[in-house]
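Structure at a glance
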Amino acid sequence: MVEVRNLKKHFVLRGRGLWGKKILVKAVDDVSFSVSEGQSVAIVGESGSGKSTLIRCINGLIKPTSGEVYLDGQRVARLKGKEYREKVARKVQMVFQDPTTSLNPRLKVFDIVVEPVLAQGKMSKSQLKDLVNDLLEKVGLDPELSSRYPGELSGGQCQRVAIARALSVNPKILLLDEPTSSLDVSVQAQVLQLLNELRHKFNLTYIFVSHDLGVVRNVSEMILVMYLGKIVEVGPVERVIDEPIHPYTKLLIDSMFVPDPNLEMRKPSTFGEPSTAVNEGCKFRSRCPFSIKECEFYDMNLIKVSENRFVSCIRWKEVS
Ligand SMILES: Nc1ncnc2c1ncn2[C@@H]1O[C@H](COP(=O)(O)OP(=O)(O)OP(=O)(O)O)[C@@H](O)[C@H]1O
Ligand SMILES: [Mg+2]
């Protein structure tokens, strides 16, 4: 269904000052994976690890530096205009983190929801009305809300509108970029439940970006852990969270699970900040307590450690 092959997205940034040095940011750095129909895959990793860039390459919102994305065997990068709308926009829709900024505040809910449909072709007024009523019901909203503006709705209601809009073209795949992280905890649970129900009802495929491992456990079967543009660990969600192998995954899980919510996030002192300057060898080695000389030359290819589990660490046996 979705296949990502050797995908790279590099940005060139200029350092400070008029003659500032050019800095190459490898936001996505040779990433390959595939997602089958009906599967839900989570992408986790610290801020700046390339999660959003990766999923934006999947629907063609960002043009990759190299590599390919295939949807049902169709290459995304080459498609433009009508072909893009038919072969990509109809299949893949995206839900963003903050509905208060992703929804146009000047449009009524009705017009927000039908926008992707109208981009695909014409429909009569009564057909559109039926469609909106149906979609709002699907996401648990009163169809009466169709004449309101986003500013008149709560955060949870806005995110439901964003989901209705995404579903309007009957997509097969939803790309969800932290869809619940801007919501209150109780509302978050309701929206997650809705997403789970919709996935099973319509056999949707999800690629779900999240910071929150609790959320990930709830909505996904597989997990991809990213670090500075590289996938460092892949496996079934429960296994990766309960028995992480890569030193970075261990750090991530350590810093996320805080037994007392009043305590500050635990940050093991042996681990520093991510260093974008490390471009050769294992990118995690400057923070890794297990690193050895060989790590300087390791290209971070994923190593199969068991059925369905892959890790990019030559020291994985010593770590686990
Ligand atoms: N348009 C851009 N121009 C230059 N650099 C960019 C651009 N978009 C992203 N980056 C850089 O690419 C890297 C990955 O960014 P990205 O937004 O994909 O990370 P992320 O994992 O989604 O982070 P977050 O959890 O904060 O959303 C970062 O270093 C970021 O600064
Ligand atoms: Mg992001």
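See above for the structure.
Structure report, in brief. Only a predicted model underlies this, so the values are computations on that prediction, with no experimental measurement involved.

Here is what the cut-offs are and how they apply
- Residues numbered from 1 in each chain as written.
- Chains lettered and ligands numbered in written order.
- Predicted model: local features only at pLDDT ≥ 70, side-chain atom pairs only at ≥ 80, totals over all residues.
- Heavy atoms only, no water.
- Buried < 20%, exposed > 50% of the residue type's maximum accessible area, 1.4 Å probe, protein only.
- Helix = DSSP H or I, 4+ residues; strand = E, 2+ residues; numbered from the N terminus.
- Pairing = 2+ DSSP bridges.
- Axes fitted to C-alpha atoms, helices over the stretch in contact; angles between N-to-C directions.
- Contact = heavy atoms within 4.5 Å.

**Some thoughts on the pairing of strand S9 (residues 222–227)**
The element S9 is largely enclosed, with a buried count of six among its six residues. Side chains Met-222, Leu-224 and Met-226 project from S9 onto one buried face, and the interleaved Ile-223, Val-225 and Tyr-227 project onto a second face that is buried too. Bridge count for strand S3 (residues 40–44) against S9 is four bridges, and the pairing is parallel. Bridging across to S9, Val-41 finds its partner in Met-222. As judged from the six bridges shared by S9 and strand S10 (residues 230–236), these two strands associate in the antiparallel manner. Paired with Val-225 across the two strands is Glu-233, which belongs to S10.

**Points about the sheet that holds strand S12 (residues 309–311)**
A sheet is described by the order of its strands in space; here eight strands give the open sequence S6-S7-S8-S3-S9-S10-S12-S11, paired in mixed fashion. With partners counted over all chains shown, the strands left at the sheet margins are strand S6 (92–95) and strand S11 (303–306), one partner each. Neighbour-to-neighbour, the strand axes of this sheet turn through a mean angle of 20°, independent of strand direction. Note that S6 and strand S7 (residues 173–177) share four bridges and pair parallel. Within S7, the position partnered with Met-94 by the bridge is Leu-175. Each of S6 and S7 is contacted by helix H6 (residues 155–167), which is oriented at about 170° to S6, the strand it contacts most.

**Description of helix H1 (residues 51–58)**
Burial within H1 is extensive, with six of its eight residues counted as buried. Directly after H1, the chain includes Gly-60, whose backbone phi takes a positive value near 80°.

**As for the sheet that holds strand S1 (residues 2–14)**
Reading across the sheet, the four strands line up as S2-S1-S4-S5 and stay open at both edges, with antiparallel pairing between neighbours. Only two strands of the sheet have a single partner each, and these edge strands are strand S2 (22–35) and strand S5 (74–75). Here strand S4 (residues 66–71) pairs with S5 via two bridges, running antiparallel. Residue pairing in the sheet places Leu-71 in a bridge with Gln-74 of S5.

No statement about biological role is implied by the geometric values presented.
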